[in-house]
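Breakdown of the fold
Residues per chain are reported as follows:
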Amino acid sequence: MGGPVRTTVKAYATGLYRRNDDRAENHRLLAAEAQGYLAAGFTAMKTKVGFGFADDIALVEMLRQTIGPDVALFVDANHGCDRVQAARLARAMEPLDIGWFEEPVEPEDIEGYAELRGRTTIPIAGGECSFTRHDFRRILEARAMDVIQPDTASCGGLSEAKRIADMAWTHGTRYNPHVWGTGIGLAAAMQLLAVLPTTTPAFGAHHPLLEYDSTPHPFRQDLLVEPVRVESGIAHVPQGPGLGVEIRRDVLERWRVN
Ligand SMILES: [Mg+2]
C-alpha cells in the first residue's frame with residue numbers, strides 16, 4: 001500500500017438519525033445524542049436530511065446551535081432529494097457552516113452533482129454507491145464532487161480503493177471513505193486511511209476523516225477480539241498483520257444465518 005503516513009485518524013460520529021415523528025421530541029433526543037458525542041470528545045458529526053425542507057432546516061439549525069460554531073457538522077441525504085430540493089436546501093444551509101452535503105441526488109446523476117456544486121458554497125460529497133475505478137474516473141473527470149467517499153468494503157477492495165485514491169489525489173479531490181457495517185470493514189478502512197495522501201502537501205493540509213458509525217451495531221466492535229480504538233474522537237490504526245484485527249468466532253457463530 002506504500003506505507004503509512006499516519007497512525008491516528010480523526011473520527012466523525014455518524015448518527016443523529018431521526019427517531020420520532022414528533023419534531024420537538026425528536027429534537028430533544030438528537031440534541032442529547034449530539035451532546036453525548038461532544039462529551040465523548042468528537043469534534044465532528046453527521047446527520048441525515050432529505051425529509052422535507054422545513055424539517056431538515058429546523059433539525060440542522062437545532063444541531064448547529066447545540067454543538068456550537070467550532071464542531072464540524074456534515075449532512076447526508078442518501079440521495080433523498082431531487083435537484084430542485086437539493087439546491088434549495090443547500091442554499092438555505094450555507095449560513096450554518098456545513099462541512100459537506102453528502103449524496104444530495106441520485107448517485108448515477110453525475111451531471112446533477114456537478115450542477116449542484118456550481119449552485120452552492122457547501123462542498124458536495126458522495127460515492128458510497130459507486131464502484132471500481134471506472135465509476136470514480138467518471139465522477140472525477142466531471143468534477144462532480146468535492147469529496148469522494150468510496151466504501152473500502154464494496155468499491156473493489158483495498159487495492160482498488162488505493163487506485164481510486166491516487167486518481168482523486170491527481171484531480172485534487174478529497175477522499176473520505178464511507179464506513180458502515182462490520183468491524184472488518186472498519187479495519188480495512190483504517191488501513192486505507194493510514195496511507196491516504198493529503199490532498200495538497202502543506203503544513204495546514206486537510207487530512208482524511210474516519211466515518212465512525214456511533215449507533216449500536218453488534219457487528220462493529222463486538223466482532224473483533226480487540227475493537228478498533230476510538231478515544232476522544234481519534235481512531236487508532238490497528239498495527240497487527242493484515243487488517244490488524246482478529247475476528248471473534250463465537251460472535252460470528254451467534255449471528256450466522258443458515
Ligand atoms: Mg452516506
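Higher on the page you've got the structure.
Below: a short report on this structure.

Remarks on the environment of Lys10
Mapped onto the elements of the fold, Lys10 is located in strand β1 (residues 8–14). Since its relative accessible area comes to 35%, Lys10 is described here as partly exposed. With 68 residues separating them along the chain, Lys10 and Asn78 place their C-alpha atoms 23 Å apart. Look past the residues within four positions of Lys10 in its chain and what remains in contact with it is Thr43, Ala44, Pro208, Leu209, Leu210, Gly233 and Ile234.

Considerations on the nonpolar core
As a rule of thumb, soluble globular proteins bury nonpolar side chains together. Met45, Met93, Phe101, Ile148, Tyr175 and Leu210 are the most contacted members of the largest nonpolar core, which totals 63 residues. Tallying contributions element by element places helix α7 (residues 183–195) first for this core, with 7 residues. Not counting the four nearest positions on each side in its chain, Met45 is found in contact with Tyr12, Ala13, Leu16, Ala34, Tyr37, Leu38, Ile67, Val71, Ala72, Leu73 and Phe74.

As for helix α1 (residues 23–39)
Here α1 contains 17 residues, and its C-alpha end-to-end distance of 24 Å stays within 8% of the 24 Å for a straight helix at 1.5 Å per residue. Along α1, the positions that sit buried rather than exposed are Asn26, His27, Leu30, Ala31, Glu33, Ala34 and Tyr37. Around the axis of α1, the buried residues are gathered within 165° of arc, so they sit on the same side. Facing away from the buried side of α1, by more than 90 degrees, are the exposed residues Ala24, Arg28 and Ala39.

With respect to the side chain of Asn176
Within the secondary structure layout, Asn176 lies in the loop between β7 (174–175) and α7. Among the residues examined, Asn176 registers a relative accessible area of 1% and is labelled buried. Once you skip the residues sitting within four places of it in the chain, Asn176 turns out to touch Trp100, Val147, Ile148, Gln149, His206, Pro208 and Leu209.

Digging into the coordination of the magnesium ion
The coordination sphere of the magnesium ion contains the protein donors Asp76 (OD), Glu102 (OE) and Glu128 (OE), at a distance range of 2.1 to 2.2 Å. On the primary sequence, the residues serving as donors to the magnesium ion are separated as D-x25-E-x25-E. Note that Asp76 is positioned in strand β3 (residues 72–76) and Glu102 in strand β4 (residues 98–102), a separation of 26 residues in sequence. Glu102 carries the same exposure label as Asp76, and that label is buried.

Things to note about the pairing of β4
Counting buried residues along β4, 4 of its 5 residues qualify, which places the element largely inside the surrounding structure. Sheet topology note: the β3/β4 ladder contains 3 bridges and is parallel. Note on β4: the bridge partner recorded for Asp76 is Glu102. Tracing the backbone out of β3, into helix α3 (residues 83–93) and back to the parallel element β4 gives a crossover that is right-handed.

Section: the pairing of strand β2 (residues 44–48)
For β2, the tally of buried residues reaches 5 of 5 residues, placing the bulk of the element in the interior. The alternating pattern of β2 places Ala44, Lys46 and Lys48 on one face and Met45 and Thr47 on the opposite face, and all of these are buried. Pairing geometry for β1 and β2, over 2 bridges, is parallel. By the bridge assignment for β2, Ala13 is matched with Met45. With helix α2 (residues 53–67) bridging β2 and its parallel neighbour β3, the resulting β-α-β unit is right-handed.

Definitions and limits used
- Residues numbered from 1 in each chain as written.
- Predicted model: local features only at pLDDT ≥ 70, side-chain atom pairs only at ≥ 80, totals over all residues.
- Heavy atoms only, no water.
- Helix = DSSP H or I, 4+ residues; strand = E, 2+ residues; numbered from the N terminus.
- Buried < 20%, exposed > 50% of the residue type's maximum accessible area, 1.4 Å probe, protein only.
- Contact = heavy atoms within 4.5 Å.
- Core = buried A, V, L, I, M, F, W, Y, C linked by side-chain atoms within 4.5 Å.
- Expected span 1.5 Å × (residues − 1).
- Arc of directions from axis to C-beta.
- Donors = N, O, S within 2.8 Å, 3.2 Å for Na, K, Ca; no water.
- Pairing = 2+ DSSP bridges.
- Right-handed = clockwise from strand over helix to strand, strands pointing away.

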